[in-house]
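Chain by chain, the residues:
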Amino acid sequence: MALKVDCPTCGRKIGFSPANPWRPFCSERCKTVDLGAWASEAYRVAGDPQEDVVGDDAAAPVSPARPHS
Ligand SMILES: [Zn+2]
């Protein structure tokens, strides 16, 4: 008897069992999508994530972790 849950990403019924390493998601993809959505929310990425990385890198000072004032 397998406990059935809805995948939070796609709503598919999946078996919530140790056989499913992605539970409560139905697959690795759905788990990644969910985490991706969370990350997008956190970083306010509207388009290409790589675009944001470049922009963030350009805005940050080039000097390493030691800020000299
Ligand atoms: Zn799913």
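The coordinates are above.
Residues numbered from 1 in each chain as written. Predicted model: local features only at pLDDT ≥ 70, side-chain atom pairs only at ≥ 80, totals over all residues. Heavy atoms only, no water.

This part covers the coordination of the zinc ion. Donor atoms from the polypeptide that bind the zinc ion are Cys7 (SG), Cys10 (SG), Cys26 (SG) and Cys30 (SG), placed at 2.3 Å. Around the zinc ion, the 4 donor atoms are arranged such that angles at the metal cover 101 to 118°; this shape is classified as tetrahedral. In primary-sequence terms, the residues that donate to the zinc ion follow C-x2-C-x15-C-x3-C. Cys30 carries the same exposure label as Cys26, and that label is buried. (Donors = N, O, S within 2.8 Å, 3.2 Å for Na, K, Ca; no water. Tetrahedral: all angles 85-135°; square planar, octahedral: opposite > 155°, others 65-115°. Buried < 20%, exposed > 50% of the residue type's maximum accessible area, 1.4 Å probe, protein only.)

Applying the stated criterion across every chain, the model contains 1 salt bridge. Among the salt bridges present, the one from Asp6 reaches Lys13, with a minimum N-O distance of 3.1 Å. Looking at Asp6, the relative accessible area reads 44%, which means it is partly exposed. With relative accessibility at 58%, the residue Lys13 sits in the exposed group. (Salt bridge = Lys/Arg side-chain N within 4 Å of Asp/Glu carboxyl O.)

Below, the discussion takes up the nonpolar core. With 6 residues, the main nonpolar core is built from Val5, Cys7, Ile14, Phe25, Cys26 and Cys30. Once residues lying within four places of it in the same chain are set aside, the contact partners of Cys26 are Cys7, Cys10, Arg12, Ile14 and Asn20. (Core = buried A, V, L, I, M, F, W, Y, C linked by side-chain atoms within 4.5 Å. Contact = heavy atoms within 4.5 Å.)

For the rest of this paragraph, the subject is unusual backbone geometry. Residue Arg23 is joined to Pro24 through a cis peptide bond whose omega torsion reads 5°. You can see Pro24 is positioned in the loop between strand 2 (13-15) and helix 1 (28-43). (Helix = DSSP H or I, 4+ residues; strand = E, 2+ residues; numbered from the N terminus.)

Structurally, Thr32 is set in helix 1. Look at Thr32 and you get partly exposed, because its relative accessible area is 48%. A polar contact is formed between the side chain of Thr32 and the backbone oxygen of Glu28, at a distance of 2.8 Å. (Polar contact = N/O pair within 3.5 Å; in protein donor to acceptor, adjacent residues only side chain to side chain.)

The subject of this paragraph is the packing of aromatic side chains. Under the definition given, this model contains 0 aromatic pairs. Between the NZ or CZ atom of Arg23 and the centre of the ring of Phe16, over which it lies, the distance is 5.7 Å. (Phe/Tyr/Trp six-rings, centres within 6.5 Å; stacked < 30°, edge-to-face > 60°. Lys NZ or Arg CZ within 6 Å of the ring centre and 35° of its normal.)

Quick look at the environment of Phe25 now. Mapped onto the secondary structure, Phe25 falls in the loop between strand 2 and helix 1. It is 9.2 Å that separates the C-alpha atoms of Phe25 and Lys13, two residues lying 12 residues apart in sequence. For Phe25, the residues in contact, after removing those within four places along its chain, are Cys7, Pro8, Thr9, Ile14, Asn20, Cys30, Lys31 and Asp34.

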